[in-house]
Amino acid sequence: MYVMPESLGFLMSDVSRLMRRRFDERARKSGATGAQWRTLKILERHEGLNQGQIAELLEVEPITCCRMIDRLEEAELVERRRDPTDRRAWQIYLTDKARPVLAELHDIAGEMIEAALHGLDAAQRDALIASLNIIRSNMTQTHASKEAANG
């Protein structure tokens, strides 16, 4: 069995932090923050989530998410709609105004990722993505099995 140096976690964390920082720098020029981008991206994938669900996916406190949704709503990028099954809850949806912002942010992300992967050929890029997907799957399964055992 190959023993991975313990710095793997630190390296992955550092790369993730640097990528977020570089993206935030680029996104700020277009008027969006990295947190706003992540919120919009979550909604692009899962429109109709409530604020609690979004907060969980962003790994932030619900009040932080509420403020973010407030700012996005003020910018007319999202709208709150009553949840038809729970009068106390609101579902969050993208507006038409959000679509071009998302397209611009996708372009910014693509440029940033291309810069990050500079020097890696197609096979290395494919291997990196495959490896990260396996790691994510392993970590998801490990977490789920521990919850089941303790639940």
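I will try to describe carefully the structure that is included in this document. (Residues numbered from 1 in each chain as written. Predicted model: local features only at pLDDT ≥ 70, side-chain atom pairs only at ≥ 80, totals over all residues. Heavy atoms only, no water.)

1. Remarks on the overall build of the chain
When helices and strands are tallied, the chain shows six helices and two strands. Starting at the N terminus and ending at the C terminus, the chain contains elements arranged as α-α-α-α-β-β-α-α. Within the chain, the proportion of its 151 residues that are buried is 26%. Total accessible area on the chain stands at roughly 10900 Å², and carbon and sulfur atoms take up 54% of it. (Helix = DSSP H or I, 4+ residues; strand = E, 2+ residues; numbered from the N terminus. Buried < 20%, exposed > 50% of the residue type's maximum accessible area, 1.4 Å probe, protein only. Areas by Shrake-Rupley, 256 points an atom, 1.4 Å probe, with all protein chains shown as cover.)

2. Re the packing of aromatic side chains
By the definition in use, this model includes one aromatic pair. Lying over the aromatic face of Tyr93, Arg81 brings its terminal NZ or CZ to 3.9 Å of the ring centre. (Phe/Tyr/Trp six-rings, centres within 6.5 Å; stacked < 30°, edge-to-face > 60°. Lys NZ or Arg CZ within 6 Å of the ring centre and 35° of its normal.)

3. Thoughts on helix α2 (residues 34-45)
Note: α-helices contain 3.6 residues per turn, so residues at a spacing of three or four share the same orientation. Taking 1.5 Å of rise per residue, twelve residues should cover 16 Å, and α2 covers 17 Å from first to last C-alpha, within 8% of that figure. Looking only at α2, the buried set comprises Gly34, Gln36, Trp37, Thr39, Leu40, Lys41, Ile42 and Leu43. Of the surrounding elements, those touching the buried residues of α2 are α1 (7-29), α3 (51-58), α4 (62-74), β1 (78-83), β2 (86-94) and α5 (98-116). (Expected span 1.5 Å × (residues − 1). Contact = heavy atoms within 4.5 Å.)

4. Section: a nonpolar patch on the surface
Together, Leu8, Met12, Leu120, Leu128, Leu132, Ile135 and Met139 line one region of the surface with nonpolar side chains, adding up to about 530 Å² of accessible area. Tracing the sequence through the fold places Ile135 in helix α6 (residues 122-150). You can call Ile135 partly exposed: its relative accessible area is 31%. (Patch = residues over 30% accessible without salt bridge, like charges linked within 9 Å, V, L, I, M, F, W, Y side chains within 5 Å. Salt bridge = Lys/Arg side-chain N within 4 Å of Asp/Glu carboxyl O.)

5. Looking at the pairing of β2
Bridge count between β1 and β2: six bridges; the pairing is antiparallel. Each bridged residue has a counterpart across the sheet, and for Asp83 the counterpart in β2 is Asp86. Between the end of β1 and the start of β2, which pair antiparallel, lie two residues. (Pairing = 2+ DSSP bridges.)

6. Considering the packing of α2 against α4
Helix-helix packing is described using two parameters, namely the angle between the two axes and the distance between the axes. Their axes nearest at 11 Å, the elements α2 and α4 cross at an angle of 85 degrees. Relative to α4, the element α2 is oriented roughly perpendicular. Counted together, Ala35, Gln36, Thr39 and Leu40 of α2 and Met68, Ile69, Arg71 and Leu72 of α4 form the full contact between these two elements. In the contact of α2 with α4, the residues fall into five nonpolar, two polar and one charged. (Axes fitted to C-alpha atoms, helices over the stretch in contact; angles between N-to-C directions. Parallel < 35°, antiparallel > 145°, perpendicular 65-115°, else oblique. Nonpolar A, V, L, I, M, F, W, Y, C, P; charged D, E, K, R; others polar.)

7. So, the nonpolar core
Membership of the largest hydrophobic core comes to 25 residues, with the highest contact counts inside it found for Phe23, Leu40, Ile54, Val78, Leu94 and Leu105. For this core, the secondary-structure elements that each account for two or more residues are α1, α2, α3, α4, β2 and α5. Of the residues forming this core, the biggest block, six residues, is contributed by α5. If we ignore the near neighbours within four places in the chain, the residues touching Leu94 are Leu40, Leu43, Glu44, Glu47, Leu77, Val78, Arg99 and Leu102. (Core = buried A, V, L, I, M, F, W, Y, C linked by side-chain atoms within 4.5 Å.)

8. Some remarks on the side chain of Asp24
One can find Asp24 in helix α1. Among buried charged residues, Asp24 stands out as having no salt bridge; its nearest opposite-charge side chain is Arg38, 4.1 Å away. Residues within four places of Asp24 in sequence aside, it is in contact with Thr33, Gly34 and Arg38. (Lys, Arg positive; Asp, Glu negative; His and termini not counted.)

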